[in-house]
Structure formats: structure tokens, C-alpha cells
Amino acid sequence: MTGGLKDGETEEEFLHSPFIRKQGNIYKPNNKDMDNDSLNEKTMEDVHTKEIDLVNRDPKHINDDVVKVEFEDVIAEPAGTYSFDGVWKASFTTFTVTKYWCYRLLTALVGIPLALIWGIFFAILSFLHIWAVVPCVKSYLIEIHCVSRVFSICVHTFCDPFFEAMGKCLSSIRVRMTKEV
């Protein structure tokens, strides 16, 4: 079985390497420039796995204007009406810690079920869009194209001569405004 191996390949590497066609990976047939040397871990990666950024959890800034709820955004004391410094610090700490832990508890209890519900919802929405909405719109556009051609022929056949004749009849009318004193 070593007769089909290239130089430097062992039989074990040959048995466990992915099948590569001459024009590219079988899962990416349009990639014709790909050869065995350029195959890396990224092409072997599963399409459903994605690196999750645990630091920046809103990279597209979806919630920038909605949920900016810091202590200063909710509670503020105008000049001349200050509470005791200790009360202000304790209020800040209480607000911040309570918001932090309530959010964490709510996400722990409700986050995963809601993620499941939203995943199902967007899967159904994607399914309907891909398999129902787009084909209906494309079908409508194809059918309306035929109707529009027939309508255009009817307009040019029946309406154009009538309006051209009316235009010629009415084109000789002149309106002159004179001011009588």
C-alpha cells in the first residue's frame, strides 16, 4: 500500500488525511488554487464552532444605546443637594453589586431557556425566508414580468394613439393673459 505514497508521507498520514481533489477540497469545490501544502487547521474547522470573545461581548454594538445603565445614568445629585459621602459610596456599591448579581442570576436561570427559544425562532424565521418567502417573491417577479409585457403592449396599442391624437388636437390651443384696466 506504500506504492501510492508521496515522498515524506507515511502510511498512517495517508490513511487519516482528508480526501483532496486536484482542484481543491471536496467541501469547497470552487477553490481551485488550493493544494495539499496550503491546507491548514482553519479549513478543517467545523463550521458550527466559532471563537467566542469573552471580553467584548457586544462587538457589533447592538445594545449601546439601549442598556447603558450605570449608577451615574440613573442616580445623580445636582450641585447643592449632596448626601453624605458615605451614603453616596454605599449607594453606588449597593446599586452596582445588586445590578451585577441580579443580572447574573437572571441570565443563569432564564438565559439558556431564552437562548433555546430564540434559536428555534430564528431557525424557523430563516427556514421560512429561505424556503417560502424568497421563492414566492421570485415566482411573483417571473409572473409579473409576463403580465407587465402584456400590459405594456396593450398600453402602446390602445392608449398611445389616443393620447397622441389628443395631444395634437390640444396643442394648437393658445392661452393669452391680458390685464384690462
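Definitions and cut-offs
- Residues numbered from 1 in each chain as written.
- Predicted model: local features only at pLDDT ≥ 70, side-chain atom pairs only at ≥ 80, totals over all residues.
- Heavy atoms only, no water.
- UniProt positions renumbered as here; feature names shortened; annotations may be inferred.
- Helix = DSSP H or I, 4+ residues; strand = E, 2+ residues; numbered from the N terminus.
- Buried < 20%, exposed > 50% of the residue type's maximum accessible area, 1.4 Å probe, protein only.
- Contact = heavy atoms within 4.5 Å.
- Areas by Shrake-Rupley, 256 points an atom, 1.4 Å probe, with all protein chains shown as cover.
- Patch = residues over 30% accessible without salt bridge, like charges linked within 9 Å, V, L, I, M, F, W, Y side chains within 5 Å.
- Salt bridge = Lys/Arg side-chain N within 4 Å of Asp/Glu carboxyl O.
- 1 Å grid on protein atoms, 1.4 Å probe; cavity = no way out; pocket = protein on both sides within 12 Å on 5 of 7 lines; lining within 4 Å.
- Points joined across faces, edges and corners; volume = space filled by probe spheres on them.
- Nonpolar A, V, L, I, M, F, W, Y, C, P; charged D, E, K, R; others polar.

The protein chain has the name Caveolin in an unreviewed UniProt entry, where Neolamprologus brichardi is given as its organism. UniProt's Function (unreviewed entry) comment on the protein chain is quoted here verbatim: "May act as a scaffolding protein within caveolar membranes. Interacts directly with G-protein alpha subunits and can functionally regulate their activity."

Draft legend 1. Quick peek at the overall build of the protein chain. What the protein chain contains, in helices and strands, is four helices and two strands. Its helices and strands in sequence order give the protein chain the pattern α-β-β-α-α-α, from N to C terminus. Counting over 181 residues, the protein chain shows a buried share of 3%. A sequence separation of at least 24 residues applies to 18% of the contacts in the protein chain between residues at least 6 apart. If you sum the accessible surface of the protein chain, you get close to 17,300 Å²; carbon and sulfur atoms cover 65% of it.

Draft legend 2. Main features of a nonpolar patch on the surface. Among the surface-exposed residues, Leu 106, Leu 109, Val 110, Leu 114, Ile 117, Trp 118, Phe 121, Phe 122 and Leu 125 lie close enough to one another that they form a single nonpolar patch of about 900 Å² accessible area. Within the fold, Val 110 resides in helix α4 (residues 85-170).

Draft legend 3. Focus on the layout of surface pockets. Roughly 1,300 Å³ of volume is contained in the largest pocket. Arg 57, Asp 58, Asn 63, Val 67 and Tyr 103 are the residues nearest the centre of the largest pocket, which is lined by 22 residues in total. Grouping the constituent residues of the lining of the largest pocket by class yields nine nonpolar, three polar and 10 charged.

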